[in-house]
Amino acid sequence: MSKSIVLIAEELSPATVDALGPDFEIRNCDGANRSELLAELAKGVDAVLIRSATKMDQEAIGAAKGLKVIARAGVGLDNVDIPAATTAGVMVVNAPTSNIVSAAELAISLILASARFVVPANIALKGGKWARSKYTGAELFEKTLGIVGFGRIGQLVASRMQAFGMNVIAYDPYLQPARAAQLGVDLVSLDELLKRSDFITIHLPKTKETANLIGVEALKKVKPSVRIINAARGGVLDESALFDALKEGRVGGAGLDVFATEPCTDSPLFALDNVVATPHLGASTDEAQERAGIAVAVSVRKALAGELVPDAVNVKGGEIHEEIRPSLPLVEKLSQVATALADELPVSVEVIVKGEVSEHDCSVLATSALKGALVTTGAEDVTYVNAPGLAQERGFTSTVTTDPVSPEYRSMISLKAAFSDGTHVTVDGTLVGIKKIEKIIAIDKFDLDLPPTDHLLFLRYTDRPGVVGLVGETLGKAGINIASMQVARSSAGGEALMAITVDSAIPDEIVSGVAKATGANLTRTVSLKV
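Note that this is a predicted model, so its numbers are computed, not measured.

A word on the overall build of the protein chain
- What the protein chain contains, in helices and strands, is 16 helices and 22 strands.
- Its C-alpha atoms put the protein chain at 100 × 55 × 35 Å along the principal axes.
- Scored against the burial criterion, the 530 residues of the protein chain give a buried share of 50%.
- About 24,800 Å² of surface is accessible on the protein chain, with carbon and sulfur atoms providing 51% of the total.
- A distance of 3 Å separates the average location of the 51 positive side-chain charges in the protein chain from that of its 64 negative side-chain charges.

Some points on helix 15 (residues 467–477)
- If you check which residues of helix 15 are buried, you get V467, V471 and L475. Projected onto a plane normal to the axis of helix 15, the buried residues spread over an arc of 60° and lie on a single side.
- In this fold, the buried residues of helix 15 make contact with strand 19 (455–462), strand 20 (482–489), strand 21 (495–502) and helix 16 (508–518).

Here's the deal with the pattern of salt bridges
- Across all of its chains, the model carries 23 salt bridges by this definition.
- Ionic pairing is found between D57 and R34, a salt bridge with its closest N-O pair at 2.5 Å. Remark: R34 occurs in helix 2 (residues 34–42) and D57 occurs in the loop between strand 3 (47–50) and helix 3 (58–63); sequence separation between them is 23 residues.
- The salt bridge involving R460 is made with D444; its shortest N-O contact spans 2.3 Å. Of this pair, R460 sits in strand 19 while D444 sits in the loop between strand 17 (437–443) and strand 18 (446–450), and the two are 16 residues apart along the sequence.
- The class of R460 is buried, set by a relative accessible area of 18%.
- Salt bridges sharing common partners tie together R34, D57 and E59.

A closer look at the sheet that holds strand 4 (residues 69–72)
- With respect to topology, five strands assemble into an open sheet ordered 2-1-3-4-5, the strand pairing being parallel. Every interior strand has two partners, whereas the edge strands, strand 2 (24–28) and strand 5 (91–93), have only one. Shown here is a sheet whose adjacent strand axes are inclined to one another by a mean of 20°, direction ignored.
- Pairing geometry for strand 1 (residues 4–8) and strand 2, over five bridges, is parallel. Among the inter-strand pairings, V6 is bridged to a residue of strand 2, identified as I26.
- Sheet contacts for helix 11 (residues 286–304): strand 1, strand 2, strand 3, strand 4 and strand 5; angle to strand 4, the most-contacted strand, approximately 165°.

Here we look at helix 11
- End to end, helix 11 covers 27 Å across 19 residues, agreeing with the expected 27 Å (1.5 Å per residue, within 8%).
- Looking at helix 11, one finds that the buried residues are A288, Q289, A292, G293, V296, A297, S299, V300 and A303. Viewed along the axis of helix 11, the buried residues span an arc of 165°, placing them on a single side of the element. What points out from helix 11, more than 90 degrees from its buried face, is the exposed set D286 and E287.
- Here the buried face of helix 11 lies against strand 1, helix 1 (14–20), strand 3, strand 4, strand 5 and helix 5 (100–116).

Section: a negative patch on the surface
- Together, D18, E105, D286, E287 and E290 make up a negatively charged patch on the protein surface.
- For the negative patch, the element with the most residues is helix 11, which contributes three residues.
- With respect to the helices, strands and loops of the structure, E105 is situated in helix 5.

Some points on the sheet that holds strand 15 (residues 411–418)
- The strand order across the open sheet built from six strands is 14-13-15-16-17-18, with neighbouring strands paired in mixed fashion. Looking along the sheet, the strands with just one partner apiece sit at the ends: strand 14 (397–403) and strand 18. Across this sheet, the average inter-strand angle for adjacent strands is 20°, counted without regard to direction.
- Pairing analysis gives six bridges linking strand 16 (residues 424–432) to strand 17, with the strands arranged antiparallel. Paired with L431 across the strands is E438, a residue of strand 17.
- Set on the sheet, helix 12 (residues 327–342) makes contact with strand 13 (348–355), strand 15, strand 16 and strand 17; between it and strand 16 the angle comes to about 155°.

Looking at the pairing of strand 15
- Counting buried positions along strand 15 yields seven of eight residues, so the element is predominantly enclosed.
- As paired strands, strand 13 and strand 15 are joined by eight bridges and run antiparallel to one another. Counted as the bridge partner of G355 is S411 from strand 15.
- Summarising the sheet, strand 15 and strand 16 pair through six bridges and their orientation is antiparallel. Across the sheet, residue L415 finds its bridge partner in strand 16, namely V427.

Details of a nonpolar patch on the surface
- Nonpolar side chains collect at one region of the surface, where V118, V119 and I123 lie side by side and expose about 240 Å² of accessible area between them.
- Examined against the element boundaries, V119 turns out to sit in helix 6 (residues 118–126).
- The class for V119 is partly exposed, based on a relative accessible area of 32%.

A few points about the nonpolar core
- Ranked by size, the top nonpolar core spans 71 residues in total, and within it M91, V337, V351, L365, L415, I443 and F458 carry the most contacts.
- Among the elements that make up this core, the one with the highest residue count is helix 12 (eight residues).
- The contacts of F458, once residues within four sequence positions are left out, are V337, L341, I443, L450, L497, M498, A499, L522, T523, R524 and V526.
- Counting 29 residues, the second largest nonpolar core, distinct from the first, contains A218, I228, A254 and L269.

Considerations on the environment of A373
- Structurally, the position occupied by A373 is in helix 13 (residues 365–376).
- Put simply, A373 and E332 are 41 residues apart on the chain and 7.5 Å apart in space, counted from C-alpha to C-alpha.
- With near-sequence residues (within four places) excluded, A373 lies in contact with S335, T339, L345, P346 and F396.

What counts, and where the lines are drawn
Residues numbered from 1 in each chain as written. Predicted model: local features only at pLDDT ≥ 70, side-chain atom pairs only at ≥ 80, totals over all residues. Heavy atoms only, no water. Helix = DSSP H or I, 4+ residues; strand = E, 2+ residues; numbered from the N terminus. Buried < 20%, exposed > 50% of the residue type's maximum accessible area, 1.4 Å probe, protein only. Areas by Shrake-Rupley, 256 points an atom, 1.4 Å probe, with all protein chains shown as cover. Lys, Arg positive; Asp, Glu negative; His and termini not counted. Charge placed at Lys NZ, Arg CZ, Asp CG, Glu CD. Arc of directions from axis to C-beta. Contact = heavy atoms within 4.5 Å. Salt bridge = Lys/Arg side-chain N within 4 Å of Asp/Glu carboxyl O. Pairing = 2+ DSSP bridges. Axes fitted to C-alpha atoms, helices over the stretch in contact; angles between N-to-C directions. Expected span 1.5 Å × (residues − 1). Patch = residues over 30% accessible without salt bridge, like charges linked within 9 Å, V, L, I, M, F, W, Y side chains within 5 Å. Core = buried A, V, L, I, M, F, W, Y, C linked by side-chain atoms within 4.5 Å.

What follows is the structure, given as structure tokens:
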């Protein structure tokens, strides 16, 4: 079997290649060279790893033969056309936590540099001037720091600046006040933050809502001594309005790492002594680059193995809670079993999540159910990105509902599949213990305690003596080793379900032999693929 091809289009840390391992053919190109990039993509690649210089737009995605994954070794995805990738069934992943420490530390560096005029004083001294009186700065102790956007980076900045004795307030319309209170931070309105803060640091993504959020009107509300830091995204802070406010003495200073247009090498802001600027260095540490490379390498391995990648940005269901992740392969397997038992693609599937795990966002499990059923019916190259589109083409839908009550288990999942002839199959499962061991606990009305192993055989028949022996004898003569066998029945002499795990795939003629020997009204094999 030929190896999957991974194209590395920009310089990444050696740890990235190490994390990919030996299972891939690695190719390299200069992603900033458009013609070279398009030519390499056209040769056929399974994944492309990029940073910020390579543009994976609609043209590049369209040129890429066999592309399955675009991996950005960093946080921002401005250079990836996510809708085009989704339409093409290409998973887009990034490394959202790889640079949070580096970004937070740079923001803090800019706060300190701005407060103490570090850069102009350094330049003056190196130019032969001892200008102590000119560069009198301000202490951070007992000052108020306003954080605009209180996500992971903003929270890191808060904890570190509290150690300086700063009073921290934050504006974030999406954060619960209780979370901020846990960190000793008051959530306030943007207007209150602007009025109260001695230092303001921005930690927001650039969106339609946040573009020029700190602009002309906002800068009319701040203290004239305020220092404003932006190490998040260019365009959230209006640079023209900031320049005017600085020149007119309505803002005391600024620290900038990002700009509305990059690269930015010529700005009127650069001529001001009370502005310290760096060329988008937030993620530029060896540690952040190594973490980013390793993270996306792991994501590529998972994606090309058909697994869900928690950091995939274009998978329906959004960010996946760590308590939900172990349920993803379980639901796939439940869906595969239900589909195999009916021997056709369902019309619809309902995933019912019960118990403790139901308190989290479980919506991604709908995609797990789609993927499992599609794989079982022979669909090729099914991923968490293209499964919803493939299912829609086939008229197949899935939904997720939750129920906080689970009478017998702390958490369990019931998958109900409906088929075109009006029949239904229900498969229940759970995760057991600290290691989250998968178990099938029921199929329709029959209780089981079945590990969903690679090869399963199910029989439905009328309960009578000797059936177990007939099955064992038939499989034994064929050299098929039985790992475990369970029988559940509605009543003595009633309908029974036999579930068998075996060590190898069972050929069709052997399955037919088992059906003939036992008189079973349903005999199905399931080869689970996750």
